[in-house]
Amino acid sequence: MPEQRRRKPRKIRPSKLYSFACGRSGFNQADQSHLGQPGFSRVVYANEPDSLSFPSNNISTTKYNVFTFIPKSLFEQFRRVANMYFLITACLAYTDLAPYSSTSAVYPLVLVILVTMLKELIEDWRRKQQDNDVNNRKTLVLNADGKFKYSQWKNLRVGDIVKVQKDEFFPADLILLSSNYEDSICYVETMNLDGETNLKLKQSLEKTSFLQEEGDFVEFKAKIRCEDPNADLYTFVGSIEIDEQSHPLSPQQLLLRDSKLRNTDYVYGVVVFTGHDTKVMQNSMSAPSKRSKIERKMDRIIYLLLSLLVLISTVGSVFFGIWTKEDLEDGKMKRWYLRPDDTSILYDPKKAAVSAILHFLTAMMLYGYFIPISLYISIEIVKLLQAQFINRDIQMYHEESDTPAHARTSNLNEELGQVNTILSDKTGTLTCNSMEFIKCSIGGVAYGRGVTEVEKAMAKRRGSPLLIEEREDENGTGINAEGTKIKGFNFTDERIMGGNWIKEENRDIIEKFFHLLAVCHTCIPDVDELSGRVSYEAESPDEAAFVVAAREIGFEFFQRTQATVSLNELDRLSGTIKKRTYDLLNVLEFNSARKRMSVIVRDENGKLLLLSKGADSVMFERLSKEKSDYEEITKVHINTYADAGLRTLVLAYREIDENEYAYFNKKFTDAKNSVSADRDEKIEEAADFIEKNLILLGATAVEDKLQQGVPECIDKLAQAGIKIWVLTGDKLETAINIGYACSLLRQGMKQILITLDSPEIISVEKTGDKEAIAKESKQCVVKQINEGNRLISAIRNESFALIIDGKSLTYALEDDTKQIFLNLAMGCGSVICCRSSPKQKALVTRLVKTGTKKVTLAIGDGANDVGMLQEADIGVGISGAEGMQAVMASDVSIAQFRFLERLLLVHGHWCYRRIASMICYFFYKNIVFGMTLFIYERYASFSGQAAYNDWAMSAYNVFFTSLPVIALGVFDQDVSARFCLKFPMLYQEGPHDDLFRWSRILGWMSNGTVTSVIIFFLLTFSFGPQSFRSDGQPADLAPLGAAMYTCCVWAVNIQMALSISYFTLIQHIFIWGSIALWYIFLLAYGAITPTFSTTYYMVFVQELASAPLFWLAILCVSGAALVPYFSYKAVQTSFFPGLHDYIQWMRHEGRADDPELGQVIRQASARATVGVSARFDARINQQTGRVHHVVQTP
Amino acid sequence: MEVEEATTSTTGDGDTTDRAFSTAHSGALYRFKQQNLPDWRPALTPGSVITIFLVMGFFFIPMGLVCLHASESVVEIAYRYDVDCVPESYKNDKVAYIKDSSVSKNCTRRIRVDKYMKAPIFVYYELDNFYQNHRRYVKSRNDKQLLYGLKQKDIGSCDPVQTTNGLPILPCGLIAWSLFNDSFNFARRTEPLKLNRKNISWQSDREHKFGKDVYPFNFQNGSLIGGGSLDPKVPLSEQEDLIVWMRTAALPKFRKLYGVIEVDLDANDVVSIHIANNYNTYSFGGRKRVVLTTSKWLGAGKNSFLGLAYLVTGTSSLLLSILFALIHVRNPRPHGHST
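A quick note: this is a predicted structure, and the numbers were derived from the prediction, not measured.

Here is what the cut-offs are and how they apply
Residues numbered from 1 in each chain as written. Chains lettered and ligands numbered in written order. Predicted model: local features only at pLDDT ≥ 70, side-chain atom pairs only at ≥ 80, totals over all residues. Heavy atoms only, no water. Helix = DSSP H or I, 4+ residues; strand = E, 2+ residues; numbered from the N terminus. Rg over C-alpha atoms; globule rule 2.2 N^0.38 Å. Buried < 20%, exposed > 50% of the residue type's maximum accessible area, 1.4 Å probe, protein only. Contact = heavy atoms within 4.5 Å. Areas by Shrake-Rupley, 256 points an atom, 1.4 Å probe, with all protein chains shown as cover. Lys, Arg positive; Asp, Glu negative; His and termini not counted. Charge placed at Lys NZ, Arg CZ, Asp CG, Glu CD. UniProt positions renumbered as here; feature names shortened; annotations may be inferred. Buried area = accessible area lost by both parts, 1.4 Å probe. Salt bridge = Lys/Arg side-chain N within 4 Å of Asp/Glu carboxyl O. Polar contact = N/O pair within 3.5 Å; in protein donor to acceptor, adjacent residues only side chain to side chain. Nonpolar A, V, L, I, M, F, W, Y, C, P; charged D, E, K, R; others polar. Patch = residues over 30% accessible without salt bridge, like charges linked within 9 Å, V, L, I, M, F, W, Y side chains within 5 Å. Arc of directions from axis to C-beta. Axes fitted to C-alpha atoms, helices over the stretch in contact; angles between N-to-C directions. Left-handed = near helix turned anticlockwise from the far one by under 90°. Pairing = 2+ DSSP bridges.

With that settled, the discussion passes to the overall build of chain B. A count of helices and strands for chain B gives nine helices and 13 strands. Compactness check: chain B gives a C-alpha radius of gyration of 32 Å against a globular reference of 20 Å for 339 residues, more than 25% above the reference. Projected onto its principal axes, the C-alpha coordinates of chain B cover approximately 100 × 60 × 40 Å. In chain B, which comprises 339 residues, the proportion classed as buried is 51%. Partitioning the intrachain contacts of chain B with sequence separation of at least 6 by distance along the chain shows that 79% fall at a separation of at least 24. Carbon and sulfur atoms provide 55% of the accessible area of chain B, an area that totals close to 15900 Å². In chain B, 41 side chains carry a positive charge and 33 a negative one; their mean positions are 5 Å apart.

Here you go:
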């Protein structure tokens, strides 16, 4: 069967269908002259693979390799200030300066570094495996025996001849030699490169199109000379030399890696660029290592703490110096018991200054507890675990494609909670890239009861009973007669379906309407021999949707020959299915300038018909002067459709008389055959001549199918205060449609449109003077931007939308204009950039990121989004689709856009909150500990004597305080997931950075200081000089230190319990377990031989446990230490509550589901200007009542 | 406990083999992974704030009273002798007095007992402004030598008091070298009071830190004599004054146990203390006291600080609770309504 299938299309030469795109002879000979010069030096011998002078086709996106791993990862580690500090400390710990034993100081650092390196290794290993997936894909390569054999992509060499089959990706950049079509054309989908969904047409040189069988290649030799690897996707300069004859090559012959062969059974090509030389890889930047905003701020806090450390160490060593100096005055010893007469340099009254300086180092080590060594590793561990929760979230798992969410780099989790702007790709991200014929207006009557995603979302937002009605609707008639869903067709209307259209009043128009849909297109039918069903290979999904719609209504297009189009249709007179054939005379195909497509056909009665479809902007002006009575109502329908986010096309036709046609045909053929520079214009002129005086038939509405849940998701994100920009490679109209579809645009929003389509610019462009064009265009863009800015500042209470096209963007992004452009964009509720190249997407992302200093998130699915994903603070890839580039360049991958809602509002919010609280708490607990040490120094003449035992000290961060803080970082929730989603404005805490602002950080630090002061003084005075036991033993350093340590452990852990409001068994185990662990440590450590445990030998069993004063003091001190924080928190939640406090209260009182309260909270927060809700509110304001109308019609 | 149900929408069980997710939608592990474990979410409402402060106040104040009562019922006599024991002629140069070995250091003082003191009466000496916690001082000892004696050769940690005349000092180090050597004898009227000086150190120290067959060697033989000397015939584990001294104090003002008087003292009893005032605290301005005190369950010695701390914390909690209650009554605000 594949054999037969292949033969069928070979009968025709599709290039005939394309007047504009094919057969262009306008090669610029000047370009060719560069060949052989620097930048254009590549020489490739086809069929003579060369693996020596060119890189292999192996790609690698890993950060490290075997050799660079250790130095590079160590370097990354010690880029962190804190780690550097600890390294120096560790080195000094081996000298006499150390206030504690060396091993107890070094092991935490070694542990931390090893674990972090292990984590890096695992992450890079995963990247490597993904590369391998791509590198090990297989393709057919011509081997030495002249046979095509499967070979892995990575083994491909420059000069290899490959055969790529339908729906396969091109493994490298190829020069097209031939295809299964006689005229050697092929269709290419470049969605991965530029995001465009329209298929691109490529055609080989005639000289090579004879290569059809394996045998043809045996003798085939060619020398290709071309440009060196570069990143420009749209240019290619080269020539191919066959039989001593040179033929120029153009981008028309270049097939790019990562684009896909479509609608063509196979092609043959020569590899010219491999691996990292390919255009797509040249476009991708190396993976940057991203650090989150919080981490960067954390570095600044570490600097602050380091300066604090230096400060108190200085204070300490100055006092130490003074007191040391005083110990020996005029040969008289003061503190004789220190033997100031017989000293080492560490304590030398004669050189007190030197001693003081050395003591400074000791103090730096002693107070090192201010710098939490385990902070980084704790954060890394916490983030890995958080990432696991993201990966395991069943509600972000896409069952159909079996794809869970995947946090690829875990160090950006909390950044997900701070996103200010989302930059989204369109195709494959917002939309599924499938078009569905959903509504039409024929002769002024609107048909089609399908409900679009937007309408669904609106109904849901309103929460009206209509929603249920709709559901019933869907279950009832939403599925077609056979009960299966047809791709591209979502139309239900019993008035015209199932042959009922013949009963309609305007059946003539309906018949013409569907005739037009069935005839006016460039699709190629494919009849399944077994079932007799016809499927279509179309250039774009909307083309296919029209033909499918015609088929479903009863006008089945089933055959295309070189000159005819055949339909099976109902004969109205006989009532039977009849074959009808049209002679296809001319095709005036669609392009973005014309915005319309026409065919000229002769029907069976010999009548000449011009059938035309196109955008309303160009079609209405071509209608005949005598207005049809339904023109106005059709316009109304079109506006309604457009507002619902549908793509509309206007259909019209006219009959042509023979003379007129003969005149046109001559003109058109002449134009087509001309080789002069103004060929395009001549064709255009000819087409213009015939496409006029049309008679309106109606309009179609095609839904660019949004992915499931996209409008709701965007609405939630907008309510959460996140700005959403759409960056797409698509056309302006498409982009605007999608803007409507996902509620980023709505009626009543002021649109600021920046384009270079004005007549003046076009006329300048015709001159070809590049400098003049640039100058003129720039001026034009600046003018439009300034106008926009004026508009925004003039009108306050409007929401604006900015739409800019790629060409204008080029100028807007230049250094001197980008600031005003950014201002304009920031003033707009939504921003849409269309026809933007991958590079522009990245540049826009960078502009937003650096210009606003806010967190940006880019989301995309194709290779064209890679730059943007890497540039943004967070790149989110859509996985599950075929291309892997975006996922590989992303930081988080999800299967569907709608999961972004949960990813940001739930996981992002939680992670941000967790990490922020965790870091604050970390500083708190270390300051508590460090400050007790410092205050103690005051009473130990700043000599550097630690209040606690060495090993106990170094275990503080590792054992007694780390687990609860990790539990906080991994599990804490301020409100449950349900409320996170119910009250999206809660998310604003992240972008506003409420939980990690300096006031909060410093607040926690002062809390730590207060706690330590309370602990120190209350405890030492309670233990005071008297005996703390009834048996008369007074406390020496060991029991006092142990008691103080106990207070710290209690206070710090109870503080944790106070500051969280979410307890599961885990929290209880970790918090109370940590306290218990300290007692266990005291018992165990105290039981070891005294030569190791030294002062803590039996300190608990013998000295502390049996003293009631110890227990009473612990209780009082820990209680008192927490009163300040608890009072603060009580005042704050009672009088200055945050949003989460409200929600906690409401939930506590069981009123969280009270819709009224929800509304109050929603209104208290900032109003979103885009999204379904905003649109709903806007409609309410307009008081039109149209919403009701739309849903109630059926 | 509130349990929030996941609003799971994906419940199709379909083809369960070979999937990224197991479709088991229940069980503790599932709830853990979905971050939906049974939880307790306390909210800090004004009611709970008032209650917590109230409870804390009502608990802490009685505790404070109990502690105060305990410390108040302790009878303590502290007598500073470092100035009194210096003869008039040396008042201006106390350092010369303490360094002059020809002057007698003995001194007898009488103190009156205010209240009845029940045995055991603990006797302490208290030093002030003495930095036993100076790092140089704390480090200067060798625990292994104390336990194993001369077998322990490496006594570098004892710097600067390691050897004299080329021989190692045992016990080495600054702490031992500066051993406190004032002594006290007590008499009621003329009858000497028996002072029990056994078991004044921690049992673990005697048994595990100071060797039973380790005898002082070459101790205080240097040119510069620090503090007291030791009887070379008594093993370290029985040199309790040394053991007590070797437990370095936490703060510059500290007490160390000297002995226990095992008879009651009545009110108005006059106790005479015979002090050998040998120890030099004059050069660094340190004060010396002798302390007699009875013992209660909270400890031996008068210290009402903990009781006061309890009282203050409890009272402030109570006040805060009243303050919050007042604000809440005067300005009741239903939660969830923003102002």
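What follows is about the UniProt feature "transmembrane region" (unreviewed entry) in chain B. All names here are of chain B. Taken from the UniProt record, the annotation "transmembrane region" (unreviewed entry) applies to residues 49-70 and 305-329. Its end C-alpha atoms 32 Å apart, residues 49-70 is made of 100% helix and 0% strand. Annotated as residues 305-329, this span is 100% helix and 0% strand, and its ends, taken at the C-alpha atoms, are 36 Å apart.

Counting from both sides, the interface comprises 105 residues of chain B and, opposite them, 111 residues of chain A. Carbon and sulfur atoms make up 60% of the area that chain B and chain A hide from each other, which totals about 9400 Å². Asp1036(A) is the salt-bridge partner of Arg247(B), the closest N and O atoms lying 3.1 Å from each other. Where chain B meets chain A, there are 32 residue pairs in polar contact (both at pLDDT 80 or more). For the side of chain B that touches chain A, a count of residues per class yields 51 nonpolar, 33 polar and 21 charged.

On the surface, Leu308(A), Leu311(A), Val315(A), Val318(A), Phe319(A) and Ile322(A) cluster together into a nonpolar patch covering about 470 Å² of accessible area. Along the chain, Phe319(A) turns up in helix H8 (residues 293-326).

The next point concerns the pattern of salt bridges. All names here are of chain A. Under the criterion given, the structure shown has 65 salt bridges over all chains. As a salt-bridge pair, Arg 42 and Asp 277 come within 2.8 Å of each other at their nearest N and O atoms. Here Arg 42, found in strand E1 (residues 42-46), pairs with Asp 277, found in the loop between strand E13 (266-273) and helix H7 (279-283); they are 235 residues apart in sequence, far enough to count as distant. Judged by its relative accessible area of 11%, Asp 277 is buried. Across the pair Lys 635 and Glu 631 runs a salt bridge, and its minimum N-O distance is 3.9 Å. Taken together, the residues span about one helical turn, with Lys 635 and Glu 631 both in helix H16 (residues 631-643) at a distance of four residues. Residue Lys 635 is classed as partly exposed on the basis of its relative accessible area of 31%.

Listed as buried for helix H3 (residues 69-78) of chain A are Phe69(A), Ser73(A) and Gln77(A). Down the axis of H3(A), the sector holding all buried residues measures 55 degrees, keeping them to one side.

Residues and elements named next belong to chain A. Mapped onto this numbering, the UniProt entry gives "binding site: Mg(2+)" (unreviewed entry) at Asp 425, Thr 427, Asp 861 and Asp 865. A stretch of 441 residues holds the annotated residues, and the largest C-alpha distance among them is 10.7 Å, short enough that they meet in one place. Take Asp 425: it is sitting in the loop between strand E17 (419-424) and strand E18 (431-442). Setting aside chain neighbours within four positions, we find Asp 425 in contact with Leu 430, Leu 727, Lys 841, Ile 859, Gly 860, Asp 861, Asn 864, Asp 865 and Met 868. A distance of 3.0 Å separates the side chain of Asp 425 from the side chain of Lys 841, its partner in a polar contact. Locating Thr 427 in the fold gives a position in the loop between E17 and E18.

Our next topic: the packing of helix H32 (residues 998-1023) of chain A against helix H33 (residues 1037-1059) of chain A. Residues and elements named next belong to chain A. In the contact formed by H32 and H33, the axes pass within 10 Å of each other and the chain directions differ by 140 degrees. For H32 against H33, the interelement crossing comes out right-handed. Judged by residue contacts, Trp 1004, Asn 1007, Thr 1011, Ile 1015, Phe 1016, Leu 1019, Thr 1020 and Phe 1023 of H32 engage Leu 1040, Ala 1043, Met 1044, Cys 1047, Cys 1048, Ala 1051, Gln 1055 and Ser 1059 from H33. Looking at the contact of H32 with H33 residue by residue, the class counts come to 11 nonpolar, five polar and no charged.

A few words now on the side chain of Arg255(B). Summarising the element assignment, Arg255(B) is placed in strand E9 (residues 254-261). Side-chain polar atoms of Arg255(B) contact the side chain of Glu126(B), separated by 2.8 Å. Residues contacting Arg255(B), with those up to four places away along its chain left out, are Pro1025(A), Gln1026(A), Pro1034(A), Glu76(B), Tyr124(B), Tyr125(B), Glu126(B), Val291(B) and Gly301(B).

Turning next to the sheet that holds E18(A). Residues and elements named next belong to chain A. One open sheet holds the nine strands; their spatial order is E19-E18-E28-E27-E26-E25-E24-E23-E22, and the pairing between them is antiparallel. Across the chains shown, the open sheet's two edge strands, defined by having one partner strand only, are strand E19 (445-447) and strand E22 (555-560). Here the average twist between neighbouring strands, direction ignored, is 30 degrees.

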